[in-house]
Amino acid sequence: MTYRGFSKKRNIFIPLLVCIGYFLIFSPFNADASDTGEKEIRLTLSQVVEFALATDSQILDAQDNVKIAQSNRRIAQKEKGFNPTVQVTGDIALVGEAESNALLSISDSIALNETSSDLANQLEQADLALNQAQNALKNAQENTKLKAITAYLEVLKAEWTIEMAQRTLEQAHTLQADIENQYQLGMASSVDLLKAKQTVERARINLDQSNQSLLFKKQQLNQMLGYPLDTPITLEKDFPYQPLGEELDQFTTHAQSDHTDLKDLLWQREIETITLKQIERNRQAKIHLIGSYVEENYAVRFDLQSPDWVLDWKVTGQLSEGEDTFSTSAINQDPFTPSASGWGLGLEVTWIPFDGGISQERKQQQEIILAQIERKLQALPDSITLEVLDAYQLFIQSDQDTLTAQLEMQIAEETYRLQSQQYQAGFITDRTLKESELALESAKLDYQKAVYGFILSKAQLYQIAGKEIVVEEL
């Protein structure tokens, strides 16, 4: 019975040991470790773009600017609408017989006209400034996407270049060995031998330079992602070739309506137009309908301003020491405030017929600014059209380059297949076969580089046309 019980436990324990051993050997925490024990990070293009968007300083600054613009809009909205302010002031007599007082007041300014008052204009300008900040954030995000895609593809190109340089060096060593054998047999000269050594040296230098270039580009990518410069990374290399579905007219039409520079200029024109209207309005005569109502324990004052149609109102009361009632003796009184309880009402007119020409100068400055914006707006559509056309032509060229490189790769594959058969039949040497293999690898490298250039040119076209760059659509 004891032996049979131990056997049952062993049948459970052995599979458990196997599972633990499998985990220790094939665990991803061990599979991606470098020689120094540091874990290698595997990244896709989507992940690189996502990390770049989360760490780029320009995006973080743009996000802060959006928060500031949102705060300014909330302030302007509160100043325009009903948002009373409560103020408490007090004075204490230290010497003399004066009474100590506490003054309580509630006041507010309300814009009755939704469009032509300074308070309403401030809210409108705050809205436009918020639009500009959000537009700048979007622009920064698209620029960062393009930078991340460029850095990613540059690393992949450098890796393919190293692989090609390594094969070229191996081929040069093979050629050098053949020349040395021929030299021993008297079939090659010393010049041929020196040329072979020179070819090897050039291939070695090219490989060293390629390694240095890859190291630098990986460090640039690590810096962009917020990693330490020496972090080992592995990038996904395979990208499908996805032809473009839109035509030039579609990109041009989209750019003419959604280009970031165009939007920003239109919003800036509105802001400067509002400023010009404020300058002109400040020169107009202002009529104030001022009224006061005074009681024994409080006072109410209002000021209705025209043509802005802004209503200022204030309720004030003063608590005197030793008394339980309010007094209005310390309230600042205007000429229409009654000396006793009751109503006071009057009109006040203010006008600045001459200020030394300052208002006129400010108006002329603002008109110049608006004229500059108008000139830019007139020239911008043609500039956008040319930018989109140039980007589209570059994309079409990269598309043609990709198709050409794909065809050349297929030719190289077929050539290598035929020469492999010829080598097996004894019609060609192994050196010729290796040269064909090297040509095939070179054609594959050219095709991959063409695909990377195609992806980058498509992203650039999207950015110039004002379309959002979506990695999955590249």
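This one's a predicted model, so the numbers in the text were calculated from it and none came from an experiment.

**Describing the nonpolar core**
- If you look at the biggest cluster of nonpolar residues, it comprises 63 residues, and the most contacted ones within it are Ile-149, Leu-153, Leu-235 and Phe-239.
- Where this core is concerned, the elements lending two or more residues are helix H3 (45-55), helix H5 (118-184), helix H6 (190-225), strand S4 (233-235), helix H7 (248-258), helix H8 (260-282), helix H9 (358-424) and helix H10 (430-464).
- When residues in this core are grouped by element, the largest group, 15 residues, is from H5.
- Leaving out residues up to four positions away in the same chain, Ile-149 has contacts with Leu-45, Val-49, Leu-456, Ala-459, Ile-469 and Leu-474.

**Describing the packing of H5 against H8**
- In the contact formed by H5 and H8, the axes pass within 10 Å of each other and the chain directions differ by 160 degrees. By the angle between their directions, the pair H5 and H8 is classed as roughly antiparallel. In this structure, H5 crosses over H8, and the sense of that crossing is left-handed. Judged by residue contacts, Asp-118, Asn-121, Glu-124, Gln-125, Leu-128, Ala-129, Asn-131, Gln-132, Asn-135, Lys-138 and Asn-139 of H5 engage Thr-260, Lys-263, Asp-264, Trp-267, Gln-268, Glu-270, Ile-271, Ile-274, Thr-275, Gln-278, Arg-281 and Asn-282 from H8.
- For the contact of H5 with H8, the per-class residue count stands at five nonpolar, 11 polar and seven charged.

**Section: the side chain of Lys-458**
- On the secondary structure map, Lys-458 appears in helix H10.
- The side chain of Lys-458 sits in the buried core without any salt bridge; Glu-246 is the nearest counter-charge, 7.3 Å away.
- Polar contacts involving the side chain of Lys-458 include one to the main-chain carbonyl oxygen of Glu-473, which spans 3.4 Å.
- If we skip the residues at most four places from it in the chain, Lys-458 touches Gln-242, Pro-243, Leu-244, Phe-395, Glu-473 and Leu-474.

**Focus: a negative patch on the surface**
- Taken together, the side chains of Asp-261, Asp-264, Glu-387 and Asp-390 present a region of like negative charge at the surface.
- Looking at the negative patch, the elements that each hand over two or more residues are H8 and H9.
- Inspection of the secondary structure assignment puts Asp-261 in helix H8.

**Focus: the packing of aromatic side chains**
- Counted under the stated rule, the structure contains 10 aromatic pairs.
- Consider the rings of Phe-82 and Trp-313, whose centres lie 6.4 Å apart with planes at 10 degrees: the pair is stacked. Within this pair, whereas Phe-82 is found in the loop between helix H4 (57-80) and strand S2 (85-91), its partner Trp-313 is found in strand S7 (residues 310-320), the two being separated by 231 residues in sequence.
- Centre to centre, the rings of Phe-239 and Tyr-452 are 6.1 Å apart; their planes meet at 85 degrees, and the pair counts as edge-to-face. Residue Phe-239 is located in the loop between S4 and H7, and its partner Tyr-452 is located in helix H10; the two are separated by 213 residues in the primary sequence. The pair formed by Phe-239 and Tyr-452 is uniform in burial state, with each residue classed as buried.
- Feature note: the residues Tyr-152, Phe-239 and Tyr-452 constitute an aromatic cluster, connected by ring pairs.

Calculation criteria
- Residues numbered from 1 in each chain as written.
- Predicted model: local features only at pLDDT ≥ 70, side-chain atom pairs only at ≥ 80, totals over all residues.
- Heavy atoms only, no water.
- Core = buried A, V, L, I, M, F, W, Y, C linked by side-chain atoms within 4.5 Å.
- Buried < 20%, exposed > 50% of the residue type's maximum accessible area, 1.4 Å probe, protein only.
- Helix = DSSP H or I, 4+ residues; strand = E, 2+ residues; numbered from the N terminus.
- Contact = heavy atoms within 4.5 Å.
- Axes fitted to C-alpha atoms, helices over the stretch in contact; angles between N-to-C directions.
- Parallel < 35°, antiparallel > 145°, perpendicular 65-115°, else oblique.
- Left-handed = near helix turned anticlockwise from the far one by under 90°.
- Nonpolar A, V, L, I, M, F, W, Y, C, P; charged D, E, K, R; others polar.
- Lys, Arg positive; Asp, Glu negative; His and termini not counted.
- Salt bridge = Lys/Arg side-chain N within 4 Å of Asp/Glu carboxyl O.
- Polar contact = N/O pair within 3.5 Å; in protein donor to acceptor, adjacent residues only side chain to side chain.
- Patch = residues over 30% accessible without salt bridge, like charges linked within 9 Å, V, L, I, M, F, W, Y side chains within 5 Å.
- Areas by Shrake-Rupley, 256 points an atom, 1.4 Å probe, with all protein chains shown as cover.
- Charge placed at Lys NZ, Arg CZ, Asp CG, Glu CD.
- Phe/Tyr/Trp six-rings, centres within 6.5 Å; stacked < 30°, edge-to-face > 60°.

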